[in-house]
Amino acid sequence: MTDDIRNIVLGVLAAGLSAAIGWTARTYLWRRRLRRKQAFFGMPTASECLLVVNREAGRDGSVHRFDVFALLELSALVKDCGAHGQVVWHDAARQGFGERTEFCVGGPVSNRRTAAHLQSMLPGVKVNTDAEPGPEQGAFQIGAEHYRMEPGAAEYVILARLTAGQEARPVFLFCGQRAITNQAATRYLARHHEKLARKHGGGSFVLLLKVVNSQAYGPDVVEVVADVTRAAQAALPGPRASQRASA
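Owing to the predicted nature of the structure, the values given are computational and were not obtained by experimental measurement.

Attention now goes to the packing of aromatic side chains. The geometry of two aromatic rings is summed up by the distance between their centres and the angle between their planes. Considering all chains together, one arrives at 8 aromatic pairs under this definition. On the numbers, 5.0 Å between centres and 80° between planes, the contact of phenylalanine 40 with phenylalanine 41 is edge-to-face. We classify phenylalanine 40 as buried; its relative accessible area is 3%. Between phenylalanine 66 and phenylalanine 69, the aromatic rings sit 6.1 Å apart at their centres with planes inclined by 75°, giving edge-to-face as the arrangement. Residue phenylalanine 66 and its partner phenylalanine 69 are both found in helix H2 (residues 65-80); the two are separated by 3 residues, about one turn of the helix. For phenylalanine 66, a relative accessible area of 17% translates into the label buried. Ring-pair connections join several aromatic residues into one group, and the members of that group are Phe40, Phe41, Phe103, Phe172 and Phe205. Taking the ring centre of phenylalanine 66 as reference, the NZ or CZ of arginine 65 above it sits at 4.4 Å.

Analysis parameters
- Residues numbered from 1 in each chain as written.
- Predicted model: local features only at pLDDT ≥ 70, side-chain atom pairs only at ≥ 80, totals over all residues.
- Heavy atoms only, no water.
- Phe/Tyr/Trp six-rings, centres within 6.5 Å; stacked < 30°, edge-to-face > 60°.
- Buried < 20%, exposed > 50% of the residue type's maximum accessible area, 1.4 Å probe, protein only.
- Helix = DSSP H or I, 4+ residues; strand = E, 2+ residues; numbered from the N terminus.
- Lys NZ or Arg CZ within 6 Å of the ring centre and 35° of its normal.

Right, dumping it as structure tokens:
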């Protein structure tokens, strides 16, 4: 074998070995990222989850188009994890939580499931559900802080991951002041789930997001106002408690 042929053979072998090592490394990293994603969302391969959808106010059997877009964002996450999603109406989801991952879209006015989750797991969050238009319509109270919306300019949405224990599957809550904010929260989760997983691990968290100038930018421009986990999980003081505190 001449030196030229030997060098060609060695070059081919080295290229093949490098390609095999690169493929193995990429496959390992992809599988590790997938496992972390599945763990954060509580959706191992072939598992099932619930997509709980609200009904558009004043229209029976209809879903607001922005909530449909939110479901599409979530469906992509479910598919990426290799899981199966079941879409159910909010008033038909009569079960506890922890057995299957749940994605709950909509505020307490249009989604009874959201109202139940707020009452049982986030007692420090109050949402103004008055139907009459006014500056307080849809306003959030989280602990001592108050958040009014400016339609089309500044609107708020709660993004929460809630668990009842280490082994329980999480509930993801998207509770916005308008339908477009629900889509903004699902898009934020899809884009930043790795960062959220690193920061919060497998525990609960509650973030308050602000959607900026949605009339121009749609659901794309989102700011994190605060991590309100502690305030949201602490019960608001009642009238008697407030009177004792001021006495």
